[in-house]
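# Reading the structure
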Amino acid sequence: MSFLRLVGIIFACLFVTAPALAQGITLSGTVTYRERIALPPDAQLRISLVSLPGGAPVAGASADIPAKGQIPLAFSLNVHRQPAAGAYGLVAEIRSGENLLFRNAQPVPLQPDLTHRVEIMVQKMPRSPTPVPPPLPALTDIVWNVTSIGGRPAIGPRPPTLSIAADLRASGHGGCNNYFAETSLSETELTFGPAAATRMACEPDLMAQESAYFAALAAVTGFELEGRSLRLLDAAGIPLIGLVRSAD
């Protein structure tokens, strides 16, 4: 078992197996960094004893860094089982939750008797880049003309249209009425919320086609894009609506 004393107080302990020999040892020293950066309130210091040259962990422990803790941070690592003869080093890490803030690039080698004080200089670790969401498929900001609904060719002097804005708001002409709907779009999926439309009356066949179009939009879960052609699919991959890109 290993205990880490930080600034004279025991804050935490962690058991790590080590090659067993006789009595334990105490490793002490300081940890510092060059940057003038205040540590977050949940910052912790971890000191690890590792074997060299491979860096395999032998023992280690963590301790909370007091809110008023100042660098250099003094530590004392009590290893209750002395490691077997060999080469060893120390690694220091300062973490905040899951984020690694500071670490020494290479273990600081220890003298054979493992009793001298060690000064560890840690370096600021680069932050993990924020994941960039994948670009939306090339469906937005385009006027699409409906060519078929449920396998039947679109009819009427003004076929239905579909346009999806960059804010994922869909709008267009249903063949009789103008409409709009909210959408959800990813690399492989596309869904439409309920269509809200104006209330103009048209020829019965156009009204029937518009109702079928809105019903098909509500059942869409995916799409296939090929050149200037777009097919909106249901959950089984069956095309519900065929569209072509409007001429620029």
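Source: prediction; values computed, not measured.

### Some words on the environment of Gln44
Structurally, the position occupied by Gln44 is in strand E4 (residues 43-51). Judged by relative accessible area, Gln44 falls into the partly exposed class, the value being 32%. Spatially, the C-alpha atom of Gln44 lies 5.3 Å from that of Arg95, the residues being 51 residues apart in sequence. In contact with Gln44, not counting residues within four places along its chain, are Ser62, Ala63, Asp64, Ile65, Glu93, Ile94 and Arg95. Looking at Gln44, its side chain comes within polar contact range of the side chain of Asp64, at 2.7 Å.

### Topic: the confidence of the model for the chain
For the chain, mean pLDDT is 85; residues scoring 70 or higher make up 87% of the total. Below pLDDT 50 for its whole length, residues 7-22 participates in 43 contacts with residues either more than four positions away or in separate chains.

### Topic: the state of the cysteines
Counting across every chain of the model gives one disulfide. Each sulfur of the disulfide joining Cys176 and Cys202 lies 1.9 Å from the other. Measuring the twist about the S-S bond at about 90°, one finds the Cys176-Cys202 disulfide to be right-handed. Of the two residues, Cys176 sits in the loop between strand E15 (169-173) and strand E16 (178-185) while Cys202 sits in the loop between strand E18 (196-197) and helix H1 (204-219), which places them 26 residues apart along the sequence. On the basis of relative accessible area, Cys176 is assigned to the buried category, the value being 5%.

### Let's talk about the nonpolar core
With 27 residues, the main nonpolar core has Leu27, Leu45, Leu90 and Ile120 as its most contacted residues. Looking at this core, the elements with two or more residues in it are strand E3 (25-32), E4, strand E5 (57-64), strand E6 (73-79), strand E7 (88-96) and strand E10 (118-121). Beyond its immediate stretch of four places on either side in the chain, Leu27 contacts Leu49, Phe75, Ser76, Leu77, Val79, Leu90, Leu110 and Leu114.

How each quantity is defined
- Residues numbered from 1 in each chain as written.
- Predicted model: local features only at pLDDT ≥ 70, side-chain atom pairs only at ≥ 80, totals over all residues.
- Heavy atoms only, no water.
- Helix = DSSP H or I, 4+ residues; strand = E, 2+ residues; numbered from the N terminus.
- Buried < 20%, exposed > 50% of the residue type's maximum accessible area, 1.4 Å probe, protein only.
- Contact = heavy atoms within 4.5 Å.
- Polar contact = N/O pair within 3.5 Å; in protein donor to acceptor, adjacent residues only side chain to side chain.
- pLDDT = per-residue confidence, 0-100.
- Disulfide = S-S within 2.5 Å.
- Core = buried A, V, L, I, M, F, W, Y, C linked by side-chain atoms within 4.5 Å.

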